[in-house]
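One letter stands for each residue in the lines below.
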Protein chains: 2
Amino acid sequence: MVNVRSASFTVRGTIQQLRNIVLGNPLPSSVSLEHRLPIILALPVFASDALSSVAYATQEILLQFKETPTSPINPIALSYLIGISLAIAILIVIVATSYRQAIHLYPSGGGSYSVSRDNLGVLPGLVAAASLFVDYVLTVAVSVSSGVENLVAFFKSLQGTVHVSSMTISIPVLLSVALILVIMLINLRGTKESGWLFALPAYTFVLMLTLALGMAFYRMLTHSWVPIDAGQVAETTTHTLKAISLIVILRAFSSGCSALTGVEAVSNGISAFEPPEAKNASKTLLVLMILLLVMFLGLAFATTLFHILPTEGETVISMVARESFGSSQIGTFLSLLMTFATLAILMIAANTSFAGFPRLLAIVAKDGYSAKSFANLGERLVHNQGIFVLTGLSMMLIIMFHAKTNALIPLYAVGVFICFTLSQFGMAKKASKSKGKGWQRTFALNLFGAVITGIVAVVQAYSKFHEGAWMVVVLLPLLVLFCYTIHRHYTWFDKTMTILPSDYNPLSIPPDPILVLVLVSSDIHRGTLEGLDCARNLVSGRKDSELRAVHIEVDPEKTVRLRTKWSQLVEPYLGYHIKLDVVSSPYRLITEPILEFLDQSDLTHPNTRIIIILPEFETGSFVTQFLHNFTAHRLRKMLMDRPNITIVSSRYFMRPKAWREGRGGLTY
Amino acid sequence: MVNVRSASFTVRGTIQQLRNIVLGNPLPSSVSLEHRLPIILALPVFASDALSSVAYATQEILLQFKETPTSPINPIALSYLIGISLAIAILIVIVATSYRQAIHLYPSGGGSYSVSRDNLGVLPGLVAAASLFVDYVLTVAVSVSSGVENLVAFFKSLQGTVHVSSMTISIPVLLSVALILVIMLINLRGTKESGWLFALPAYTFVLMLTLALGMAFYRMLTHSWVPIDAGQVAETTTHTLKAISLIVILRAFSSGCSALTGVEAVSNGISAFEPPEAKNASKTLLVLMILLLVMFLGLAFATTLFHILPTEGETVISMVARESFGSSQIGTFLSLLMTFATLAILMIAANTSFAGFPRLLAIVAKDGYSAKSFANLGERLVHNQGIFVLTGLSMMLIIMFHAKTNALIPLYAVGVFICFTLSQFGMAKKASKSKGKGWQRTFALNLFGAVITGIVAVVQAYSKFHEGAWMVVVLLPLLVLFCYTIHRHYTWFDKTMTILPSDYNPLSIPPDPILVLVLVSSDIHRGTLEGLDCARNLVSGRKDSELRAVHIEVDPEKTVRLRTKWSQLVEPYLGYHIKLDVVSSPYRLITEPILEFLDQSDLTHPNTRIIIILPEFETGSFVTQFLHNFTAHRLRKMLMDRPNITIVSSRYFMRPKAWREGRGGLTY
């Protein structure tokens, strides 16, 4: 294996070594089964997106009770919190149950896309896929920026900006971008690696939040809670309580529904589980659902108990931890731990997208609805290209929205709920078709779920339309159209490229005569000789061949010198006469005169295969290489667009020794 | 000529047509003499940089009398203005005279670079060239932003910003960038074109400023001036007059020296003049010098007379015009005309750089100190590449400095004065060497000029060091080093690539045997057949040849299908057996296994010329092309770095008809 890696330049070798250190040595395809996930590692990878929603869903509900974007939250919000949270909890149970059924029916993965495509048709399938793509990108952006928000709430010095020349960059944006890059690198190392790395913080988060909520219960039962901020309760009571409109409650419900996101992730990545895949995935989803319910409802309860209203720069979860653990030394330590665990779980939530997005893209690619190379596995058995796309898009979002979670949430939920709706409709249709044992129950549950999530999708699209949900509404049809266009192209490609019996019948026709053209610049040097030598080799021994050299004359003075050199240097060394055609280029162009010259050649040799040799040279240095071969590169590009031409790139190596020496590790 | 242009795709044809409309039809090399400039057109092209300096030099002198960057200008500035301006006027006469001598001695152009290189050595020559490069880029930035400043002074609504997403872009910056692009396009059309287009506004500026200064004289002589702004005179007298330090006067003098910039431009572009070139260029410079003296001194006088102190948002020249022409209807009209003429001359000043920079870069390129392609003439007989570089760099500066002229001035003058100093030292040395008739006078004048401009350069570098002149001080050595590095590479290149008698002796050795390898992907389609056909053709009739197909196995399942297709589809059509090597790639890499495979081939065929055929296909559509040929492109890049391999790119055209039809205008 070392030999495989070292067969390249020294510089490239060093880069490769560095890469191996960062990403790990390449993995052979044969070990792919060993890199499947057991439940204990699958939970942090696939479920933590849903779990982490807990870290911001409650806060997002409360933030909808602001009267203006700058005013504080109306304290009446707290009296609605438990109710809204319960409604969302019911939705969680319905959606999770539906997906557990889907896992058993579609054990090869693809989740909502596969369910919708199979039962509702290609269009709904692609809508579900597109929604998921949007969702996954937003998950990374929302999770990371939310994680950074938590961090900033603790280390207040991280608020602020950095000035680079005339640009002002906020520190949270910088931190978010850095985090995404780290997550990208870990995922390029492999899925199992990310499972191991994130298992500890994920379980720590679950433990810490359970502990905090347990403490809250204990304090309620023992009446031992003393508000840390004395103004908190007083303020709550003195604030004028205005009537809350239905639209505010609906918006709060919509925002809180972000707690559901990530529930679908398990169903997309079933193939990453240890066998029996479907059973393990289903178990994981059950555990996830229970954890989700306990933590989401518990947090709503604690928030209400402690009269917590999030402020600019401090999140609900860190305030709950502070109140639960108290201000003693050990309490402060536990609060700190909670903050770090929250940051960690939010990072792993982004990791879920990195596990899901590339796999879904690969499944769609295999069906021919996205570029086929997305299905390729990289050196570490992950879909590298999908990972890069996800990284690029989510960083773009973070930068565009200045790493403000709240600004991203409106974009978020519409896509997820469209995907929930389609998936559940698909499941309902499948149940009604199959008429299997107990199909009525499955049908009813999924139909009910589909209708509710459908309503939520519409409410979200409507109530958050002006805040940014319109972008999703515009983006989805474009994405779907894009998928269709790609598929149409692949269909046409397969049709056009299929070999037909009429294509070739070589026994009846002899090979075409060949015309080898060497393009010669006004300078004659060793590179020219190398090209001519190659040409001489190609025509050697063939009677139906011709070798000609062509020079495009830009400066007639140089042509005179060229002709002299040609007869003095080139022909003596090659040993025989080669005709040098000089094509005048009054407009100082290179490619056009060659194309004209070729058209004339076409005339005289109707069936001739024209081989054009472009002599290049390799300076052996990355820095100086850019000073040469410009014309050859441009010519290759231009001539490649022309049918019936074969282009030969011959290279003269100015430092062949240096190249050889760079290959130290070779076996011969 | 139409035929030459149409030999390409339809899309490319349309772009070419659009290009011809914007830039004009390509010009043949034979008409280059017809595109030389007569004096009447050369003046607006080459001299307007110097003339336009008048539009800001006076203002820059006055601005140095601010006590803090935000305070108003100390009115005592006006009592120093005439004195400082006279000192600068003397410098103008000395420098212009020196350059007129240089023009006669170096009639092929290159100005300060040629003079310094020839008389002082390569290093001083490159320092002069680097200074000029910096100068030309700054001239574009300073002139355009100054022109826009004038415009904004008139149309106050243009102050302000435009918001795009989270970015804030000031309107002056946008206008400046747009202006630079327009000037670039005009210059890509050709030098004479820009001469014609800018002759009218240039002469209008000279006329209008002369008229304004004439009016000012008239008003002084007839005592008919009534201040338009009543507070102006009063304020001047009540302001406390603080002592002005010598450093302020030196800085004012340095800033005012920007009036000298552009004096060297004529000497760089002598080859653009009509014959007799040197005589015409010298005449032009004389006219320029006289105009410069009259206008610069006249403006200083008028400013003093009218007690004008420039304010934020209004320039000296527009204030002088207002006072001279009065507030009557015709006066307002003339003021407006003056403003537009000022804007125009500032734009043409940038145009001078576009005429000078690419020509100088070409001269340096011919000597091998910059990339040789800078010497190429484009389709309209101008050095396109130099024009693009100048456009890019000046736009970068404008954006970095937010189009504030004053922020750019400190960067400006150091380079120009280094170049003046070197040029005059060179001239002095040449005079002392030649000992021709009256050499003592030439020697004395140039030495005196060199010393004075040298002192100015040092003063400027010192006094404006912290404001930005340090950048020039850092930049110049880097640029010079860069030029040397390029030259060293070209020298090495020529040495390495020169053909030696020992290189080739083909009469004694027969052509090497060839091994043709066709790389086959897991899909077998028409593109594969095309590649195999090409290979079959290359080996046809040669006994010392071998043809093999190689497949890199990433997915063993696909290999099974490939082998079936190979025996069922490929071999029947080709008519004979071709060995298909399957190289297993456990790490799913493509290039590395091929390199390993080739190393083995190296072993078995020590002298064999290895020809690798990469089958590609052309979808005929720019949009879908990106879905294919990724691997072929990457392979070509990787394999090209390896000596002793010849790469053949064979292309299957999926839409050959569409290609043919796009070539409507062809003659056959």
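Since the model is a prediction, treat every value here as computed from it, not as a measurement.

Glancing now at the overall build of chain A. A count of helical and extended segments in chain A gives 24 helices and seven strands. Taking all 668 residues of chain A together, 58% fall into the buried category. Within chain A, contacts between residues at least 6 apart in sequence are counted, and of these 80% link residues at least 24 apart. About 27700 Å² of surface is accessible on chain A, with carbon and sulfur atoms providing 66% of the total.

Across the contact, 99 residues belong to chain A and 99 residues belong to chain B. Inspection of the chain A/chain B interface yields two salt bridges. Seen at the junction of chain A and chain B, the total is 18 residue pairs in polar contact (both at pLDDT 80 or more). Of the residues forming the side of chain A that touches chain B, the biggest block, nine residues, is contributed by helix H19 (residues 526-539) of chain A. Across the side of chain A that touches chain B, the residue classes break down as 50 nonpolar, 23 polar and 26 charged. Pairing between strand E7 (residues 645-653) of chain A and strand E7 (residues 645-653) of chain B: three bridges, direction antiparallel. Residue pairing for E7 of chain B: Ser 649 of chain A is matched across the bridge by Ile 647 of chain B.

For the rest of this paragraph, the subject is the pattern of salt bridges. Within this structure, the stated rule accounts for 20 salt bridges over all chains. Between Arg 117 of chain B and Asp 367 of chain B there is a salt bridge, and its shortest N-O distance comes to 2.8 Å. Placement of the pair is Arg 117 of chain B in helix H5 (residues 111-119) and Asp 367 of chain B in the loop between helix H14 (329-366) and helix H15 (384-400), with a sequence separation of 250 residues. We classify Asp 367 of chain B as partly exposed; its relative accessible area is 28%. Among the ionic pairs, Arg 636 of chain B bridges to Glu 616 of chain B, the shortest N-O distance being 2.5 Å. Within this pair, whereas Arg 636 of chain B is found in helix H23 (residues 630-640), its partner Glu 616 of chain B is found in strand E6 (residues 609-618), the two being separated by 20 residues in sequence. Accessibility expressed as a relative area gives 7% for Arg 636 of chain B, which makes it buried. Within the structure, one salt-bridge network assembled from shared partners comprises Glu 546, Arg 548, Lys 579 and Asp 581 of chain A.

On the surface, Phe 465, Trp 470, Met 471, Val 473, Val 474 and Leu 478 of chain A cluster together into a nonpolar patch covering about 510 Å² of accessible area. Among the structural elements, Trp 470 of chain A can be located in helix H18 (residues 465-497).

Quick look at the packing of aromatic side chains now. In this structure the tally under the stated criterion is 18 aromatic pairs over all chains. When the centroid spacing of 4.5 Å and the interplanar angle of 20 degrees are considered together, the rings of Phe 217 of chain A and Phe 301 of chain A count as stacked. Of this pair, Phe 217 of chain A sits in helix H8 (residues 191-222) while Phe 301 of chain A sits in helix H12 (residues 277-305), placing them 84 residues apart in sequence. Here Trp 439 of chain B and Phe 443 of chain B contribute two aromatic rings whose centre-to-centre distance is 5.9 Å and whose plane-to-plane angle is 65 degrees, an arrangement assigned as edge-to-face. Taken together, the residues Trp 439 of chain B and Phe 443 of chain B, both in helix H17 (residues 439-463) and four residues apart, mark about one turn of the helix. What links up through ring pairs into an aromatic cluster is the set Tyr 99, Phe 417 and Phe 420 of chain A. We note Lys 372 of chain B situated over the ring of Tyr 490 of chain B; from NZ or CZ to the ring centre the distance is 4.6 Å.

All right, on to H14 of chain B then. Working note: α-helix, 3.6 residues per turn, so residues spaced by three or four point in the same direction. Residues and elements named next belong to chain B. When the terminal C-alpha atoms of H14 are compared, their 56 Å separation across 38 residues agrees well with the 56 Å that a helix rising 1.5 Å per residue should span. Here H14 lies mainly inside the structure; 29 of its 38 residues are buried. At the exit of H14 stands Gly 368, carrying a positive phi of roughly 85 degrees.

Residues and elements named next belong to chain B. Position of Ser 116 relative to the elements: it lies in helix H5. Judged by its relative accessible area of 0%, Ser 116 falls in the buried class. A polar contact is formed between the side chain of Ser 116 and the backbone oxygen of Ser 112, at a distance of 2.7 Å. Sequence-distant contacts of Ser 116, that is, excluding residues within four places in its chain, are made with Gly 121, Pro 124, Gly 125, Ala 128, Leu 422 and Ser 423.

Now for the relation of the copies chain A and chain B. Mapping chain A onto chain B is achieved by rotating through 179 degrees and translating by 0.1 Å along the same axis, at an RMSD of 0.2 Å. Here the transformation between the copies is reduced to the relation of a two-fold axis. Taking C-alpha positions as reference, the residue of chain A nearest the rotation axis is Val 648 of chain A, located at 2.2 Å. Both copies present the same face, since 99% of the interface residues in chain A are matched by interface residues at the equivalent positions in chain B.

Okay, the packing of helix H4 (residues 77-105) of chain B against helix H12 (residues 277-305) of chain B next. Residues and elements named next belong to chain B. Packing of H4 against H12 brings their axes to within 10 Å, and their N-to-C directions diverge by 180 degrees. With respect to each other, H4 and H12 are oriented roughly antiparallel. Considered class by class, the residues forming the contact of H4 with H12 number 22 nonpolar, five polar and two charged.

What follows concerns the pairing of strand E3 (residues 514-520) of chain B. Remark: a regular strand shows side chains that alternate across the two faces of the sheet. Residues and elements named next belong to chain B. Among the seven residues of E3, seven are classified as buried, and the element is accordingly described as predominantly covered. Side chains of E3 alternate between two faces, with Ile 514, Val 516, Val 518 and Val 520 and Leu 515, Leu 517 and Leu 519 buried alike. Where E3 and strand E4 (residues 545-553) come together, seven bridges link them in parallel fashion. Bridge pairing links Ile 514 to Ser 545 in E4. Pairing of E3 with E6, which is carried by five bridges, proceeds in the parallel orientation. If you follow Leu 515 over to E6, its bridge partner there is Ile 610.

This part covers the side chain of Asn 446 of chain A. Residue and element names in this part refer to chain A. Tracing the chain through its elements places Asn 446 in helix H17 (residues 439-463). With relative accessibility at 0%, the residue Asn 446 sits in the buried group. A distance of 3.0 Å separates polar atoms of two side chains, one belonging to Asn 446 and the other to Gln 101. Leave out the neighbours within four places in its chain, and Asn 446 touches Ser 98, Gln 101, Gln 424, Met 427 and Ala 428.

Residues and elements named next belong to chain B. Structurally, Met 427 is set in helix H16 (residues 405-434). As for Met 427 and Ser 112, which are separated by 315 residues in sequence, their C-alpha atoms are 9.4 Å apart. Residue contacts for Met 427: discarding those within four places in its chain leaves Ser 98, Gln 101, Ala 102, Leu 105, Val 115 and Asn 446.

Moving on, we get to the sheet that holds strand E6 (residues 609-618) of chain A. Spatial ordering of the open sheet is given by E5(A)-E4(A)-E3(A)-E6(A)-E7(A)-E7(B)-E6(B)-E3(B)-E4(B)-E5(B), a layout of 10 strands whose pairing is mixed. Only two strands of the sheet have a single partner each, and these edge strands are strand E5 (579-584) of chain A together with strand E5 (579-584) of chain B. Ignoring which end each strand starts from, the neighbouring axes of this sheet average 30 degrees apart. Across the sheet, H19 of chain A touches strand E3 (514-519), strand E4 (545-553), E6 and E7 of chain A together with E3, E6 and E7 of chain B, and the angle it forms with E7 of chain A is around 135 degrees.

What follows deals with the packing of helix H7 (residues 171-189) of chain B against H14 of chain B. Residue and element names in this part refer to chain B. The geometry of H7 relative to H14 is characterised by a closest axis approach of 10 Å and an angle of 50 degrees between their N-to-C directions. Taken together, the axis directions place H7 and H14 in an arrangement best described as oblique. Here H7 and H14 pass one another in a crossing that is right-handed. Residue-level contacts link Leu 179, Ile 180, Ile 183, Met 184 and Asn 187 of H7 to Met 347, Ala 350, Asn 351, Phe 354 and Ala 355 of H14.

Residue and element names in this part refer to chain A. For Thr 453, the location among the structural elements is in helix H17. Note on Thr 453: relative accessible area 0%, which makes it buried. Spatially, the C-alpha atoms of Thr 453 and Thr 204 are 32 Å apart, while their sequence positions differ by 249 residues. Not counting chain neighbours up to four residues away, the residues in contact with Thr 453 comprise Leu 91, Val 95, Phe 417, Phe 420, Thr 421 and Gln 424.

Thresholds, definitions, all that
- Residues numbered from 1 in each chain as written.
- Chains lettered and ligands numbered in written order.
- Predicted model: local features only at pLDDT ≥ 70, side-chain atom pairs only at ≥ 80, totals over all residues.
- Heavy atoms only, no water.
- Helix = DSSP H or I, 4+ residues; strand = E, 2+ residues; numbered from the N terminus.
- Buried < 20%, exposed > 50% of the residue type's maximum accessible area, 1.4 Å probe, protein only.
- Contact = heavy atoms within 4.5 Å.
- Areas by Shrake-Rupley, 256 points an atom, 1.4 Å probe, with all protein chains shown as cover.
- Salt bridge = Lys/Arg side-chain N within 4 Å of Asp/Glu carboxyl O.
- Polar contact = N/O pair within 3.5 Å; in protein donor to acceptor, adjacent residues only side chain to side chain.
- Nonpolar A, V, L, I, M, F, W, Y, C, P; charged D, E, K, R; others polar.
- Pairing = 2+ DSSP bridges.
- Patch = residues over 30% accessible without salt bridge, like charges linked within 9 Å, V, L, I, M, F, W, Y side chains within 5 Å.
- Phe/Tyr/Trp six-rings, centres within 6.5 Å; stacked < 30°, edge-to-face > 60°.
- Lys NZ or Arg CZ within 6 Å of the ring centre and 35° of its normal.
- Expected span 1.5 Å × (residues − 1).
- Least-squares fit on C-alpha atoms with pLDDT ≥ 70 in both.
- Axes fitted to C-alpha atoms, helices over the stretch in contact; angles between N-to-C directions.
- Parallel < 35°, antiparallel > 145°, perpendicular 65-115°, else oblique.
- Left-handed = near helix turned anticlockwise from the far one by under 90°.

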